[in-house]
Amino acid sequence: MSKHSQAMIDTIAAQCVAVRLRMLNRVITNIYDDALRELGLKVSQLNILIAAAKMGTVRPCEVCEYLHLDISTLSRNVERMKARGWLEVVPADDGRAQPFRLTQEGRQLLRKAIPFWSQAQRRVKKLLGERFVEQLDQAMIRVRSADAVD
């Protein structure tokens, strides 16, 4: 391998934003998942429940757009959450859309999850630092603005 190729490999290994964000995502996800484990809930599922709580009866494509998820990831999670009684499908004119909403059990689970989520949120903020979290908030504003333009 040439010195140039090795140098580029070293640069990518040290500086690739995608790699570092994916690693950070796994670490942070584990903190939230550990905090929510006692409820049998993962943070990815919590995000879907929160989206449904905010949006009411919602079509899968709307949740995918809101959470930047692909449809297969959402479908897998929704199926698991329906089986656990947290979500229910709402009949629609278009049989393909399969809108869903929170059940009463899902609402109760969200109420129970709040202190566990808060504990994880404090831990993550302490780990990352307030400045990083503020920068993350600003980055999300820019990403959402770019999405609105597209």
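In this text the structure is predicted, and so the values were computed from the model without any measurement.

The rules we used
- Residues numbered from 1 in each chain as written.
- Predicted model: local features only at pLDDT ≥ 70, side-chain atom pairs only at ≥ 80, totals over all residues.
- Heavy atoms only, no water.
- Helix = DSSP H or I, 4+ residues; strand = E, 2+ residues; numbered from the N terminus.
- Rg over C-alpha atoms; globule rule 2.2 N^0.38 Å.
- Buried < 20%, exposed > 50% of the residue type's maximum accessible area, 1.4 Å probe, protein only.
- Contact = heavy atoms within 4.5 Å.
- Areas by Shrake-Rupley, 256 points an atom, 1.4 Å probe, with all protein chains shown as cover.
- Lys, Arg positive; Asp, Glu negative; His and termini not counted.
- Charge placed at Lys NZ, Arg CZ, Asp CG, Glu CD.
- Polar contact = N/O pair within 3.5 Å; in protein donor to acceptor, adjacent residues only side chain to side chain.
- Salt bridge = Lys/Arg side-chain N within 4 Å of Asp/Glu carboxyl O.
- Core = buried A, V, L, I, M, F, W, Y, C linked by side-chain atoms within 4.5 Å.

**Some points on the overall build of the protein chain**
Working step 1: Helix and strand content of the protein chain: 7 helices and 2 strands.
Working step 2: Order of helices (α) and strands (β) in the protein chain, N terminus to C terminus: α-α-α-α-α-β-β-α-α.
Working step 3: For 150 residues, the compact-globule estimate of 2.2 N^0.38 gives 15 Å, and the protein chain exceeds it by more than 25% at 19 Å.
Working step 4: Along the first, second and third principal axes, the C-alpha set of the protein chain runs to 60 × 35 × 30 Å.
Working step 5: When each of the 150 residues of the protein chain is scored for burial, the buried share is 27%.
Working step 6: Of the contacts made within the protein chain by residues no fewer than 6 positions apart, 55% connect residues no fewer than 24 positions apart.
Working step 7: With the model as given, the accessible surface of the protein chain reaches about 10500 Å², and the carbon-plus-sulfur share is 55%.
Working step 8: Positive and negative charge centroids in the protein chain, built from 24 and 17 side chains respectively, lie 6 Å apart.

**Quick notes on the side chain of Asn77**
Working step 1: Along the polypeptide, Asn77 turns up in helix H5 (residues 71–83).
Working step 2: At 3.1 Å, the side chain of Asn77 forms a polar contact with the backbone oxygen of Thr73.
Working step 3: In this structure, Asn77 is in contact with Ser44, Gln45 and Ile48, ignoring residues within four places of it in sequence.

**Things to note about the side chain of Asp33**
Working step 1: By the secondary structure assignment, Asp33 is in helix H2 (residues 17–36).
Working step 2: The residues contacting Asp33, other than those within four sequence positions of it, are Leu41, Lys42 and Val43.

**Notes on the pattern of salt bridges**
Working step 1: Inspection of every chain in the model, using the stated rule, returns 3 salt bridges.
Working step 2: Between Arg37 and Asp34 there is a salt bridge, and its shortest N-O distance comes to 2.6 Å.
Working step 3: Asp34 sits in the partly exposed class, given a relative accessible area of 44%.
Working step 4: The shortest N-O distance in the salt bridge between Glu88 and Arg101 comes to 2.7 Å. Separated by 13 residues along the polypeptide, Glu88 in strand E1 (residues 87–89) and Arg101 in strand E2 (residues 100–102) bring together distant segments of the chain.
Working step 5: The class of Arg101 is partly exposed, set by a relative accessible area of 35%.

**Regarding the nonpolar core**
Working step 1: Residues Leu36, Leu41, Ile48, Leu49, Leu87 and Phe100 are the most contacted members of the largest nonpolar core, which totals 29 residues.
Working step 2: Mapped onto this core, the elements with two or more residues apiece are H2, helix H3 (43–55), helix H4 (60–67), H5, E2 and helix H6 (104–128).
Working step 3: Sequence-distant contacts of Ile48, that is, excluding residues within four places in its chain, are made with Leu67, Leu69, Leu74, Asn77, Val78, Met81, Leu87 and Phe100.

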